[in-house]
Each structure stands twice: as C-alpha cells, then as structure tokens.
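What follows is each chain in one-letter form.
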Amino acid sequence: MLETKVVCIQCGREYALSAAISGCETCDGLLEVKHDLEALKGVITREWAEKRRVERGFPNGSGVWRWRELVAPFPNEAIVSRNEGNTNLYEDARLAKWAGLENLWLKHEGENPTGSFKDRGMTVGISHANWIGAKYVACASSGNTSASLAGYAARAGLKALTFIPSGKVALGKLSQTMAYGAKTVQVEGSFDDALELVRRVSKEKGVYLVNSLNPFRLEGQKTIIFEALQQLDWQAPDWIVVSGGNLGNTSAFGKALWEMRELGLIGEKLPRIATIQAEGASPFYQYYRSEFTRFKAQKPETVATAIRIGNPVNLAKARRAIEWTDGVVDMVTDTEIMEAKAVLDRSGIGGEPAAGATLAGVRKLREKEIIGKGDRVVAIMTGHILKDADSIVNYHSNPANPGANPLVQMAGTLDDLMKLLEEN
Ligand SMILES: *Cc1c(COP(=O)(O)O)cnc(C)c1O
Ligand SMILES: [Zn+2]
C-alpha cells in the first residue's frame with residue numbers, strides 16, 4: 001500500500017487522505033497531496049506509462065486515472081470518471097508562424113467531457129467526495145468549474161451547489177450548470193466574493209468544497225503535463241505556457257514536472273512555465289514583477305471571464321512552480337486576447353477567450369525574445385470554443401476587428417449570391 005498523505009505546504013502538518021478540509025487547521029496554509037515517490041521510483045517508468053497508455057475501459061482508459069498512483073489511490077468503487085483527458089496535442093504551421101516559432105504544440109483541454117480542463121481535476125475531487133461519503137458538493141466559479149462540478153455531481157448522484165458572480169459568466173458555462181442540475185446562486189460581486197461565501201458555507205455546514213483550493217483537483221490537473229510529455233515521447237519542451245486565474249494549473253504543472261523529474265521520466269532541466277494573465281486581472285503578474293515581494297489583490301475585469309480573478313487562491317503554490325521551473329509571468333490586453341483567439345479559431349482548432357490569452361502570451365514572450373525562435377513550446381488551450389459564443393459574435397460583428405467575419409444579410413436571391421461569391 002502506498003503512503004499517500006495530505007500535507008500543509010506552510011507548516012508541514014499532515015492529514016489523512018480521507019480528510020475533507022480545504023485549508024490547514026493550524027495555519028490556514030494550502031494543502032497538497034504528497035505521494036510516496038521513493039516507493040514509486042523504478043515502478044513508474046516510461047515503459048510503465050506506455051503500457052498504461054494502450055489500456056481501455058474503466059478506469060485506466062481515463063487520461064487522469066491512468067496515472068492514479070500519482071493522482072490519488074482511491075478504490076475503483078469511488079471513482080467517478082468520464083474518460084477525461086486523452087486530449088489532442090496539435091501542431092499547426094500557421095499558428096506557429098503567427099507566434100514566431102518553429103516548434104509549437106497546442107494541447108487542447110477544451111476537448112474534455114464538459115469542455116474545459118476542469119474535468120481533469122473534478123473527476124478526482126468528486127471521486128474523493130464520493131469516497132468519504134459526502135452528500136453535498138459546492139464551488140464558487142467563474143463558470144467552467146461550475147459546469148464541470150454540476151456534470152460530475154450528476155454522474156455521481158451527489159447534490160451540487162454553485163456560486164457564480166452575477167452577470168459575469170459566459171452563457172455556455174451557465175447553461176451547462178443549470179442543465180446538469182446544480183443549484184446555482186448568482187452572487188453580487190466578483191468571483192472572489194463568491195468564493196469567500198462558499199468557504200463559509202462549507203465550514204459551517206460541512207458541504208464538500210471542490211474549488212481549486214481542494215488539493216485533489218490539482219492532482220488531476222497534473223495529468224495535462226504527464227500526457228503532453230508522453231505525447232512528445234518524453235522529449236520535454238522548453239516552455240509550457242498557460243493562462244492563469246486562480247493559478248491551479250500553474251501550481252499543478254510545477255508539481256507534475258517536479259515529480260516527473262524525481263521519478264526520472266524527464267531530465268534534470270525542467271521546462272519553464274509561463275503563466276499568462278489578462279491585463280485587468282493580473283495580480284500574479286504584478287507580484288512577479290515585484291520579485292515576489294509585494295502582493296496586492298485586484299478588482300478584476302477582462303473579456304476572458306475564466307481568468308477574471310483578483311485574488312488567486314493558489315498564489316503560494318504558483319509562486320513555487322514559477323521558482324522551481326525558472327518560469328515567467330506576463331500579461332496580455334483584452335484586444336490581444338481576442339485577436340489571438342480569432343487566429344486560433346480560424347485555424348480550425350478554436351478555443352474560448354482564456355485559450356486566446358495563452359496564445360497571445362506565447363506571441364508576446366516571443367516578441368520580447370524571452371522565448372527563442374527555435375524553442376519547443378507547448379501552449380495549453382484551457383477551454384472549448386463554444387463556451388463563450390457571445391464573445392465570438394460580438395467580435396465578428398465588428399468589421400474593424402482583425403479577421404472579423406460578420407454575418408451577411410440579404411434577401412437571398414440567386415443574383416445576390418452570385419455577387420457575393422464574386423466579391424470574395
Ligand atoms: C479555470 C480556467 C482558467 C484558469 O485556470 P487557473 O487554474 O484558475 O489558473 C483558464 N482557462 C479556462 C478556460 C478556465 O476554465
Ligand atoms: Zn499549516
């Protein structure tokens with residue numbers, strides 16, 4: 001039996017795997033799952049991973065549970081899975097050229113069951129809740145966590161409660177949450193206010209909290225990196241670029257890389273993580289710029305509602321991930337986000353605005369010569385193109401926007417159509 005524990009990253013206090021807490025009871029520090037890496041050395045190898053990769057069925061057909069020894073050793077009966085992960089790693093010559101690169105891969109996490117990477121974390125969070133016998137699960141969310149929670153809770157037969165910031169959730173996400181049957185509460189204020197509320201409800205009423213404070217979610221999100229490395233035949237890239245809000249991915253990616261190196265699946269030099277924030281929601285960027293000496297929460301605003309976060313809960317873990325990997329943090333404007341998204345969409349791959357932010361960040365870091373022309377770069381597309389249809393229609397309705405593809409209105413006579421074809 002593996003010795004897997006939950007540990008506070010601040011004071012080191014240990015908790016049992018079955019504990020339903022989302023912060024250290026001694027010091028309020030962030031918790032993380034600690035695997036028995038010593039015992040796994042020589043067991044988890046590239047060959048082991050290759051064997052697992054071809055397994056189908058439950059649960060190893062899942063791109064998360066395939067790595068269960070490095071995720072969470074729950075019994076099969078507890079696992080609630082929809083074969084998440086197994087997402088494509090695309091290459092696209094036009095996108096690479098647009099970003100100024102020779103080697104660019106896009107890992108599309110929008111291809112998960114509910115359309116975002118959140119499913120990789122949610123399958124683990126909900127399986128934990130299921131395992132310890134929780135009845136009610138809850139989260140605050142900028143949208144995708146709610147959609148994912150609602151879907152997985154429905155699969156598990158658990159009641160779900162979600163808190164979202166009023167009027168600031170993309171319709172695709174909101175409608176999914178309602179359709180899957182989660183009780184959905186709109187809270188006046190931002191995501192950060194909604195989170196504060198749900199943390200209190202959770203503490204007082206014993207509702208199981210599945211925000212990215214939940215250490216199990218981050219274990220699932222690590223598999224984005226495991227899977228990408230395997231898809232690259234373990235030739236680690238130079239960069240992994242991802243948009244950041246609550247910084248769960250940034251944190252999870254740092255841990256994933258660190259564990260892969262400990263186990264000898266990749267070499268000593270880790271890929272560098274680049275976290276991209278939106279200009280109007282860039283507290284982590286500002287903190288990075290101060291060389292991690294001054295943190296200040298913000299009142300967030302950006303078109304990329306998935307990363308509209310002013311006070312990221314995983315700050316300490318994300319900082320550690322940037323430090324471990326000699327990473328960088330940058331920010332992009334809403335205009336840059338939407339223009340990059342338009343290019344991403346036109347490639348036929350597509351993604352929601354937060355995925356556009358990743359791609360805009362790749363290009364920006366290349367322009368600044370932080371990323372070299374020949375560097376091998378993996379960009380994480382965090383959500384599906386249909387999540388935020390409003391932002392697409394708005395963008396393309398304005399002919400002044402680069403690459404805009406406005407609707408054509410006409411009576412629809414054959415003559416009209418012939419004229420249209422000639423013009424194009
Ligand atoms: C949640 C989310 C993010 C932000 O991820 P963090 O782990 O909170 O930094 C980015 N993009 C999409 C599409 C998301 O749903
Ligand atoms: Zn502690």
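Under an unreviewed UniProt entry, the protein has the name Threonine synthase and belongs to Candidatus Chlorohelix allophototropha. The UniProt entry for the protein carries this comment under Pathway (unreviewed entry): "Amino-acid biosynthesis; L-threonine biosynthesis; L-threonine from L-aspartate: step 5/5."

Novice: Sorry if this is basic, but what is going on with the packing of helix H10 (residues 248–262) against helix H12 (residues 315–324) here?
Specialist: Put simply, H10 and H12 touch, their axes get as near as 8 Å, and they point 45° apart. Comparing the axis directions of H10 and H12 gives the class oblique. Between H10 and H12 lies a crossing of left-handed hand. Counting all contacts with H10, which are made through Thr250, Ser251, Gly254, Lys255 and Trp258, the residues of H12 involved are Lys317, Ala318, Ala321, Ile322 and Trp324. Residue classes in the contact of H10 with H12 are distributed as five nonpolar, three polar and two charged.

Novice: Before we go on, may I ask you to explain the coordination of the zinc ion (ligand 2) in this structure?
Specialist: By definition of the ideal shapes, a tetrahedral metal site with four donors has angles of 109.5 degrees and an octahedral site with six donors has angles of 90 or 180 degrees. Coordination of the zinc ion (ligand 2) by the protein comes from Cys8 (SG), Cys11 (SG), Cys24 (SG) and Cys27 (SG), over a distance range of 2.3 Å. When the donors of the zinc ion (ligand 2) are listed by position in the chain, the intervening gaps give C-x2-C-x12-C-x2-C. Note that cysteine 11 is positioned in the loop between strand S1 (5–8) and strand S2 (14–15) and cysteine 24 in the loop between S2 and strand S3 (31–34), a separation of 13 residues in sequence. Here cysteine 11 falls in the partly exposed class, since its relative accessible area comes to 41%. Assessed through its relative accessible area of 4%, cysteine 24 is described here as buried.

Novice: Help me understand a nonpolar patch on the surface, please; the structure alone is not making it clear to me.
Specialist: Among the surface-exposed residues, Val408, Met410, Leu414, Leu417, Met418 and Leu421 lie close enough to one another that they form a single nonpolar patch of about 590 Å² accessible area. Take leucine 414: it is sitting in helix H16 (residues 414–423).

Novice: I'm lost on the packing of aromatic side chains in this one. Help?
Specialist: What characterises a pair of aromatic rings is the spacing of the ring centres plus the angle enclosed by the ring planes. For the structure on display, the rule yields 10 aromatic pairs. Summarising the aromatic geometry, the rings of phenylalanine 74 and tryptophan 131 are spaced 5.0 Å apart at their centres and angled 35° between planes, so their arrangement reads as tilted. With phenylalanine 74 in the loop between helix H2 (46–53) and strand S4 (89–91) and tryptophan 131 in helix H4 (residues 118–131), this residue pair connects regions lying 57 residues apart in the sequence. By relative accessible area, tryptophan 131 is classed as partly exposed at 33%. Aromatic side chains tryptophan 258 and tryptophan 324 sit 5.5 Å apart centroid to centroid with 15° between the ring planes, which places their arrangement in the stacked category. Of this pair, tryptophan 258 sits in helix H10 while tryptophan 324 sits in helix H12; the two residues are 66 residues apart in sequence, bridging distant segments of the chain. The exposure class of tryptophan 258 is partly exposed, given its relative accessible area of 29%. Residue tryptophan 324 is classed as partly exposed on the basis of its relative accessible area, which comes to 33%. Taken together through their ring pairs, the aromatic side chains of Phe284, Tyr287, Tyr288, Phe292 and Phe295 make up a single cluster.

The rules we used
Residues numbered from 1 in each chain as written. Chains lettered and ligands numbered in written order. Predicted model: local features only at pLDDT ≥ 70, side-chain atom pairs only at ≥ 80, totals over all residues. Heavy atoms only, no water. UniProt positions renumbered as here; feature names shortened; annotations may be inferred. Axes fitted to C-alpha atoms, helices over the stretch in contact; angles between N-to-C directions. Helix = DSSP H or I, 4+ residues; strand = E, 2+ residues; numbered from the N terminus. Parallel < 35°, antiparallel > 145°, perpendicular 65-115°, else oblique. Left-handed = near helix turned anticlockwise from the far one by under 90°. Contact = heavy atoms within 4.5 Å. Nonpolar A, V, L, I, M, F, W, Y, C, P; charged D, E, K, R; others polar. Donors = N, O, S within 2.8 Å, 3.2 Å for Na, K, Ca; no water. Buried < 20%, exposed > 50% of the residue type's maximum accessible area, 1.4 Å probe, protein only. Patch = residues over 30% accessible without salt bridge, like charges linked within 9 Å, V, L, I, M, F, W, Y side chains within 5 Å. Areas by Shrake-Rupley, 256 points an atom, 1.4 Å probe, with all protein chains shown as cover. Salt bridge = Lys/Arg side-chain N within 4 Å of Asp/Glu carboxyl O. Phe/Tyr/Trp six-rings, centres within 6.5 Å; stacked < 30°, edge-to-face > 60°.

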